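# Per-entry structural report
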Amino acid sequence: MPGVVEPVYSPYHGTVEKVLTMKANRVYEWERLFLIKTKNGLVEEVSVGISGHIISVDVKQGENVTPETVLAKIEDDFTITGCD
């Protein structure tokens with residue numbers, strides 16, 4: 001059964017400090033995918049509660065983002081996993 005493609009939105013206003021994944025990577029629930037430097041100078045981690053394969057990475061380091069910005073798309077495989 002094919003998974004559902006889920007967009008990963010930025011939860012912050014800020015700048016992409018680091019992209020920690022790439023297209024075609026397998027990712028696990030709560031795995032760090034991006035680091036965002038917020039407007040107040042804090043570096044925040046972005047992770048999501050799904051596992052699957054990265055279909056696309058839609059931002060690059062240094063790019064400005066808002067909560068409407070899609071950072072990546074993941075094909076959810078509906079497998080319950082975990083990441084430390």
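Structure: above.
Summarised in this report is the structure supplied together with it. (Residues numbered from 1 in each chain as written. Predicted model: local features only at pLDDT ≥ 70, side-chain atom pairs only at ≥ 80, totals over all residues. Heavy atoms only, no water.)

## A look at the overall build of the chain
Summing up its helical and strand segments, the chain has zero helices and eight strands in all. Taking 2.2 N^0.38 as the reference for a compact globule, 84 residues should give roughly 12 Å; the C-alpha atoms of the chain span a radius of gyration of 12 Å, in line with that estimate. Taking all 84 residues of the chain together, the buried fraction comes to 32%. Across the chain, every contact between residues at least 6 apart in sequence was considered, and the portion connecting residues at least 24 apart equals 62%. On the chain, the mean spot of the 8 positive side-chain charges and the mean spot of the 13 negative ones are 9 Å from each other. (Helix = DSSP H or I, 4+ residues; strand = E, 2+ residues; numbered from the N terminus. Rg over C-alpha atoms; globule rule 2.2 N^0.38 Å. Buried < 20%, exposed > 50% of the residue type's maximum accessible area, 1.4 Å probe, protein only. Contact = heavy atoms within 4.5 Å. Lys, Arg positive; Asp, Glu negative; His and termini not counted. Charge placed at Lys NZ, Arg CZ, Asp CG, Glu CD.)

## Side note on the sheet that holds strand β2 (residues 14-19)
Taken in spatial order, the four strands line up as β5-β4-β2-β7 in an open sheet, and their pairing is antiparallel. With partners counted over all chains shown, the strands left at the sheet margins are β5 (43-46) and β7 (64-65), one partner each. Of the strand pairs in this sheet, β2 and strand β4 (residues 34-38) are connected by five bridges, and their pairing is antiparallel. Of the residues in β4, the one forming a bridge with Thr15 is Lys37. (Pairing = 2+ DSSP bridges.)

## With respect to the environment of Lys39
In this structure, Lys39 sits in the loop between β4 and β5. What makes Lys39 exposed here is its relative accessible area of 65%. Expressed as a C-alpha distance, the spacing of Lys39 and Thr15, which sit 24 residues apart in the sequence, is 8.0 Å. Contact partners of Lys39, with chain neighbours within four places excluded, come to His13 and Gly14.

## Let's talk about the pattern of salt bridges
A full pass over the atoms with the stated rule returns three salt bridges. A salt bridge links Asp77 to Arg26; the nearest nitrogen and oxygen atoms lie 2.8 Å apart. Residue Asp77 is found in the segment after β8 (70-76), and its partner Arg26 is found in strand β3 (residues 26-27); the two are separated by 51 residues along the sequence. Among the residues examined, Asp77 registers a relative accessible area of 28% and is labelled partly exposed. Close ionic contact of Asp58 with Lys73 constitutes a salt bridge, the shortest N to O distance being 3.3 Å. (Salt bridge = Lys/Arg side-chain N within 4 Å of Asp/Glu carboxyl O.)

## Digging into the sheet that holds strand β1 (residues 4-9)
The four strands are arranged β1-β8-β6-β3 in an open sheet whose pairing can be described as antiparallel. The open sheet has two edge strands, β1 and β3, and neither has a second partner. Here strand β6 (residues 52-57) runs beside β8; their pairing, made up of five bridges, is antiparallel. Counted as the bridge partner of Val57 is Ala72 from β8.

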